[in-house]
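Chain residues, written in single-letter form:
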Amino acid sequence: RIQIKDSATLTRDVLEQHFSDLKGTLKKLLDERLMSLLQEVDVIEQESIKPLDECQKLIEHGVSTADDLLREGESAVDGDVGQQNEKLCNFTKKALHIQLDSLPEVPSLVDVPCLSAQLDDCLLTILKNQIFRHGTVASRPPVQLEEFVEKPGGILVRWCKVDDDFTAQDYRLQYRRSSASHFEDVYVGSETEFMVLHVDPNVDYQFRVCARGDGRQEWSPWSVPQLGRTTLVPHEWTTGLEGYSLSSRRNIALRNDSQSCGVLYSKAPTYFCGQTLTFRQTVGQPDRRDSLGVCVEQRNGDDSLQRDKAVCISTNGAVFVNGKEMTNQLPAVTSGSTVTFDMEVVQLGPCSNEGGNFKLRVTISSNNREVVFDWVLDQCCGSLYFGCSFSYPGWKVLVF
């Protein structure tokens, strides 16, 4: 009931604001068009009247000159006999120099502009049809959030279509802290899930998703916002190892130009069985001793995780269990690809720190291939460290 009332109120507000903005924009456009047409009228009027005004001035000047000459002639005739000859002589000379029988060319009536406005009433019909089809009200968005999966320092968000008649071209996922006022884009693409990183543990985040139909530009209505959170602390690399530079959140490690080598471990044993540990990397020059993997303990002095109490994959795809290379091999690590580790406990015999058999079933995946094997340890391990080692600079690893 609350959801219906709240969404109805929000929809009314959105519609009223949109049509108010539309009215303002249409009025502005119509005013601009009217001003443009009025300026056109002014220009045509001025350009058309100018030659006619000049013609009128010439005619008026000619009439005035003829009138002056006429009065001068009358004066010559009416004057004294002694002055008549001189006045008539001057009148005759002046009359010969003035062309009273010529007029400036006056345009014919058909050549004189006659302004008018052509206004096609079909614009109203077109606008009416477009306006009556503008906007829709959807009772259910075509896409809804489906699942939130807790990850260390992140939340895996999944969504799905709920309208079978809707063909999605792209999806758009947004999120915000519950205390924030504005949503921000976190993903746009064709996938139906996305790992949202850089979220703080034990903090509520609000998510919503929409979609764009095939061949369309506009986005669908937003899904019902839902809350997601993670209680798992983020994975972090250990600081202070000379050969590696870390990001501000310490979840990205870059192998730098230092000649120092060694294994970079996690800050704490934050990987637990039942979770998925993911490495995403940018590649540098490979070496057979390179390694990405998990181990029971941090151990200084090693230059690789290809040792006992550790499982790892080399950058060339070789898989090592307790220092021994397996016959099964994965594809070589490539830029932008992910390597994932999944483990579940398979326990044999009593579990004690003094030497019971403890077996973990391990799945390592890379480039759409995977290997599965059992990792036998001599002690119980509720949590594990992760680590990496690279011989050459340029490798960059994000862990989540």
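Computed from a predicted model, the values in this text were never measured in an experiment.

### Quick look at the overall build of the protein
- Helix and strand counts for the protein stand at 3 helices and 21 strands.
- A compact globule built from 400 residues should have a C-alpha radius of gyration of about 21 Å, whereas the protein, at 44 Å, is more than 25% larger.
- Projected onto its principal axes, the C-alpha coordinates of the protein cover approximately 160 × 60 × 35 Å.
- Within the protein, residue pairs in contact and separated by at least 24 positions form 60% of the contacts whose partners lie at least 6 positions apart.

### Here's the deal with the nonpolar core
- In terms of nonpolar packing, the biggest core is built from 35 residues, with Met343 and Trp375 touching the most fellow members.
- Beyond its immediate chain neighbours, meaning those up to four positions away, Met343 contacts Tyr271, Cys273, Gly274, Gln275, Val294, Val311, Leu360, Arg361, Val362, Trp375 and Leu384.
- Core analysis: the next-biggest nonpolar cluster, separate from the first, contains 16 residues, Trp159, Tyr171, Val196 and Tyr205 among them.

### What about helix 1 (residues 2-78)?
- Across its 77 residues, helix 1 extends 111 Å between first and last C-alpha, which sits within 8% of the 114 Å expected from 1.5 Å per residue.
- Taken as a whole, helix 1 carries its principal kink of about 25 degrees at Ile49; the proline Pro51 stands between one and four residues after it.
- Restricting attention to buried positions, one finds in helix 1 the residues Ser48, Cys55, Leu69, Gly73 and Ala76.

### Section: the domain arrangement of the protein
- On domain assignment, one finds that the protein holds domain 1 (1-113), domain 2 (143-230) and domain 3 (244-399).
- Put simply, the middle of domain 2 and the middle of domain 3, counted by C-alpha atoms, are 31 Å apart.
- Taken together, the contacts link 5 residues of domain 2 with 5 residues of domain 3.
- Linking domain 2 with domain 3 are 0 salt bridges, by the criterion used here.
- Along the contact surface separating domain 2 from domain 3 lie 1 residue pair in polar contact (both at pLDDT 80 or more).
- Looking at the side of domain 2 that touches domain 3, its residues break down into 2 nonpolar, 1 polar and 2 charged.

### A closer look at the environment of Tyr205
- With respect to the helices and strands, Tyr205 occurs in strand 6 (residues 205-213).
- A polar atom in the side chain of Tyr205 sits 3.0 Å from the backbone nitrogen of Asp200.

### Considerations on the packing of aromatic side chains
- Following the criterion strictly, the structure yields 11 aromatic pairs and no others.
- Judged by centre distance (5.8 Å) and plane angle (25 degrees), the rings of Tyr175 and Tyr205 are stacked. Placement of Tyr175 in strand 3 (residues 168-177) and of Tyr205 in strand 6 is noted, with a sequence separation of 30 residues between them. For the pair shown, Tyr175 and Tyr205 are each scored as buried.
- Here the aromatic cluster, defined as three or more aromatic residues joined through ring pairs, consists of Phe148, Tyr175, Tyr205 and Phe207.
- Above the ring of Phe183, the side-chain terminus of Arg208 is found at 4.1 Å from the ring centroid.
- Sitting over the ring of Tyr244, Arg255 keeps its end group 5.5 Å from the ring centre.

### Brief notes about unusual backbone geometry
- Positive phi is not limited to glycine here, since Arg250 has a value of about 60 degrees.
- Looking at the secondary structure, you find Arg250 in the loop between strand 8 (244-246) and strand 9 (252-255).

### Details of the pattern of salt bridges
- For the coordinates displayed, the defined rule picks out 16 salt bridges.
- Across the salt bridge formed by Lys27 and Asp31, the nearest N and O atoms sit 2.9 Å from each other. Remark: Asp31 and Lys27 occur in helix 1; sequence separation between them is 4 residues, near one turn of the helix.
- We note a salt bridge from Arg177 to Asp200, for which the minimum N-O separation is 2.2 Å. Of this pair, Arg177 sits in strand 3 while Asp200 sits in the loop between strand 5 (193-197) and strand 6, placing them 23 residues apart in sequence.
- A residue is classified by how much of its surface remains accessible, and Asp200, at 27% relative accessible area, is partly exposed.

What counts, and at which threshold
- Residues numbered from 1 in each chain as written.
- Predicted model: local features only at pLDDT ≥ 70, side-chain atom pairs only at ≥ 80, totals over all residues.
- Heavy atoms only, no water.
- Helix = DSSP H or I, 4+ residues; strand = E, 2+ residues; numbered from the N terminus.
- Rg over C-alpha atoms; globule rule 2.2 N^0.38 Å.
- Contact = heavy atoms within 4.5 Å.
- Core = buried A, V, L, I, M, F, W, Y, C linked by side-chain atoms within 4.5 Å.
- Buried < 20%, exposed > 50% of the residue type's maximum accessible area, 1.4 Å probe, protein only.
- Expected span 1.5 Å × (residues − 1).
- Bend = angle between axes of the 7 residues up to and from the residue.
- Domains from an automatic or database assignment.
- Salt bridge = Lys/Arg side-chain N within 4 Å of Asp/Glu carboxyl O.
- Polar contact = N/O pair within 3.5 Å; in protein donor to acceptor, adjacent residues only side chain to side chain.
- Nonpolar A, V, L, I, M, F, W, Y, C, P; charged D, E, K, R; others polar.
- Phe/Tyr/Trp six-rings, centres within 6.5 Å; stacked < 30°, edge-to-face > 60°.
- Lys NZ or Arg CZ within 6 Å of the ring centre and 35° of its normal.

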